[in-house]
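Close look at the chain arrangement
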Amino acid sequence: MRAITAAAHPNLALVKYWGQRDATLNLPVNPSISVNLSGGTTTTTVTFDATLKSDRVALNGAPADTRACARVTAHLDRVRALAGIATRADVRSRNDFPASAGVASSASAFAALSLAATRAAGLDLDMRALSILARKGSGSACRSIPDGFVEWIAGDNDAGSYARSLVPCGYWDLRIISVTFGDHAKEVSSLEGHHAAPSSPFYAARLAQTNETLDTVRRALLARDFPLLGMTAEREALSLHAIAMTSRVQDRPWLSGIYYWKSETLRLIHTIQTWRQEGLAVYFTLDAGPSVHLICEAKDQADLESALAPAIAPLNGSAIISEPGRGAWIVDKRACASTPADTSCIR
Ligand code: DP6
């Protein structure tokens with residue numbers, strides 16, 4: 001009955017995962033590249049307890065709803081199968097960022113859960129095996145396991161689809177400012193978006209471009225070429241949204257396409273492009289939602305923040321600032337000393 005606590009950051013894709021090869025295993029159609037976001041953390045404690053009749057799950061201090069419970073139990077079942085145990089578990093998870101922050105919490109949630117649950121079950125998985133496990137909880141969660149800037153190798157089977165670090169978090173001092181606008185509930189989930197993507201007449205064109213996009217982002221990262229990274233990531237996000245807007249969503253015949261953007265999204269996009277014309281080196285990326293993630297180099301953070309505050313106030317916007325973050329880590333002091341740069345607990 002050892003309680004193990006692990007933590008993980010969410011991540012932001014610079015090259016997006018959009019479309020699944022296998023919906024059960026969460027195998028992506030294309031590889032993707034992301035950066036961990038230090039501005040948010042999910043911290044999860046798992047205790048396997050022989051006295052429990054079923055798994056008990058608390059999220060942010062309250063019992064989880066049926067859907068979340070079922071998703072956590074399905075993930076614990078994967079861990080139990082690996083460990084050869086049947087014991088039920090107590091899971092307590094907390095996010096230090098609001099659910100409406102525009103940053104997907106499922107990646108950090110399943111990364112932290114995978115690390116805490118495997119250790120609590122007596123397993124010591126290496127980075128690759130842990131990433132494979134996290135992927136089955138939520139695809140993008142596999143990218144929150146390794147450190148810093150991460151590539152998810154698509155693979156074409158379970159063992160071949162995992163994430164690995166391209167460069168560590170300290171390699172490039174970037175800032176990511178995630179701006180969200182009020183409390184817009186997502187009408188179409190990422191999962192529905194993945195399923196709908198192949199119905200877009202432009203999906204094949206997006207895929208034909210992906211290898212070049214991946215190469216360019218890898219090259220820009222290694223060379224710390226900010227304009228190249230920024231513009232490539234920005235165009236890549238627009239490509240995802242072009243697919244979404246021209247996709248056909250199953251069971252929703254009234255939708256001509258998926259519009260994740262709100263009017264505030266477009267207003268901020270225009271403003272960012274104007275700032276760039278005026279000489280401020282800032283780029284954006286967008287996920288499957290209305291939030292805008294701005295990227296700049298650390299030297300431009302102060303200028304960007306002073307331009308951003310008056311620009312988002314009338315849009316009811318709020319911002320979370322991140323640096324490139326570390327991979328998932330153990331926070332239980334008895335299991336492993338936790339220092340900011342220590343990912344040595346995971347091999
Ligand atoms: C647009 O299926 O990982 O963010 O589990 O709902 O968080 P959730 O999403 P997931 O898809 C993520 C899609 C994306 C692009 C990306 O992160 O690569």
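The following paragraphs examine the structure supplied in this document. Keep in mind it's a predicted model, so treat the numbers as computed, not measured.

Quick notes on the sheet that holds strand 14 (residues 292–297)
- Across the sheet, four strands lie side by side as 13-14-12-15; this open sheet has antiparallel pairing. Either end of the sheet is taken by a strand with one partner, and the two such strands are strand 13 (283–285) and strand 15 (317–322). Strand-to-strand twist of the sheet, defined as the mean angle between neighbouring strand axes without regard to direction, takes the value 25°.
- Relative to strand 14, strand 13 runs antiparallel, the two being bridged by three bridges.

Some thoughts on the sheet that holds strand 1 (residues 4–8)
- Across the sheet, which stays open at both edges, the six strands sit in the order 8-7-9-6-1-16 with mixed pairing between neighbours. Every interior strand has two partners, whereas the edge strands, strand 8 (62–63) and strand 16 (329–330), have only one.
- Of the strand pairs in this sheet, strand 1 and strand 6 (residues 42–48) are connected by five bridges, and their pairing is antiparallel. What sits directly across from I4, in strand 6, is V46.
- Its contacts with the sheet put helix 1 (residues 66–83) on strand 6, strand 7 (56–59) and strand 9 (89–95), and the angle it makes with strand 9 is roughly 120°.
- Seen against the sheet, helix 2 (residues 105–120) touches strand 1, strand 6, strand 9 and strand 16 and runs at an angle of roughly 30° to strand 6.

A word on the layout of surface pockets
- Computed from the structure, the second largest pocket encloses a volume of approximately 230 Å³.
- In this structure, the second largest pocket is lined by Q209, E212, T213, T216, L228, M231, T232, R235, E236 and S239.
- At the level of secondary structure, the elements contributing two or more residues to the lining of the second largest pocket comprise helix 5 (203–223) and helix 6 (226–245).
- Sorting elements by how many residues they give to the lining of the second largest pocket places helix 6 first, with six residues.
- A class-by-class count of the residues in the lining of the second largest pocket yields two nonpolar, five polar and three charged.

A word on the packing of aromatic side chains
- Tallying each qualifying case throughout the model produces four aromatic pairs.
- Plain terms: the ring middles of W172 and F226 are 6.2 Å apart, the flat faces sit at 90° to each other, and that makes the pair edge-to-face. Placement of the pair is W172 in the loop between strand 11 (162–167) and strand 12 (174–181) and F226 in helix 6, with a sequence separation of 54 residues. Neither W172 nor F226 differs from the other in exposure class; each is buried.
- Taken together, the ring pairs connect W172, F226 and Y283 into an aromatic cluster.
- The ring of Y171 has R224 lying over it, and the distance from NZ or CZ to the ring centre is 3.9 Å.

Notes on the side chain of N36
- Turning to its location among the elements, N36 is positioned in strand 5 (residues 32–36).
- For N36, a relative accessible area of 0% gives the class buried.
- A polar side-chain atom of N36 sits 2.8 Å from the main-chain carbonyl oxygen of P146.
- One polar contact links the side chain of N36 to the main-chain carbonyl oxygen of R326, over a distance of 3.2 Å.

With respect to unusual backbone geometry
- With a phi close to 55°, N26 is a non-glycine residue in the positive phi region.
- Of note, N26 is situated in the loop between strand 3 (20–22) and strand 4 (27–28).
- The phi angle at N316 is positive, at roughly 60°, despite the residue not being glycine.
- Summarising the element assignment, N316 is placed in the loop between helix 8 (301–312) and strand 15.

Brief notes about the environment of P314
- Residue placement: P314 occurs in the loop between helix 8 and strand 15.
- Placed 50 residues apart in sequence, P314 and E264 show a C-alpha to C-alpha distance of 9.4 Å.

Quick look at the environment of C69
- Along the chain, C69 falls in helix 1.
- In this view, C69 contacts V57 and A64; residues no more than four positions away in its chain are not counted.

Some words on the state of the cysteines
- Under the defined criterion, the tally for this structure stands at zero disulfides.
- Here C296 is not disulfide-linked; the sulfur of C169 is the nearest cysteine sulfur, at 17 Å.
- Note on C296: relative accessible area 1%, which makes it buried.

What counts, and where the lines are drawn
- Residues numbered from 1 in each chain as written.
- Predicted model: local features only at pLDDT ≥ 70, side-chain atom pairs only at ≥ 80, totals over all residues.
- Heavy atoms only, no water.
- Pairing = 2+ DSSP bridges.
- Helix = DSSP H or I, 4+ residues; strand = E, 2+ residues; numbered from the N terminus.
- Axes fitted to C-alpha atoms, helices over the stretch in contact; angles between N-to-C directions.
- Contact = heavy atoms within 4.5 Å.
- 1 Å grid on protein atoms, 1.4 Å probe; cavity = no way out; pocket = protein on both sides within 12 Å on 5 of 7 lines; lining within 4 Å.
- Points joined across faces, edges and corners; volume = space filled by probe spheres on them.
- Nonpolar A, V, L, I, M, F, W, Y, C, P; charged D, E, K, R; others polar.
- Phe/Tyr/Trp six-rings, centres within 6.5 Å; stacked < 30°, edge-to-face > 60°.
- Buried < 20%, exposed > 50% of the residue type's maximum accessible area, 1.4 Å probe, protein only.
- Lys NZ or Arg CZ within 6 Å of the ring centre and 35° of its normal.
- Polar contact = N/O pair within 3.5 Å; in protein donor to acceptor, adjacent residues only side chain to side chain.
- Disulfide = S-S within 2.5 Å.

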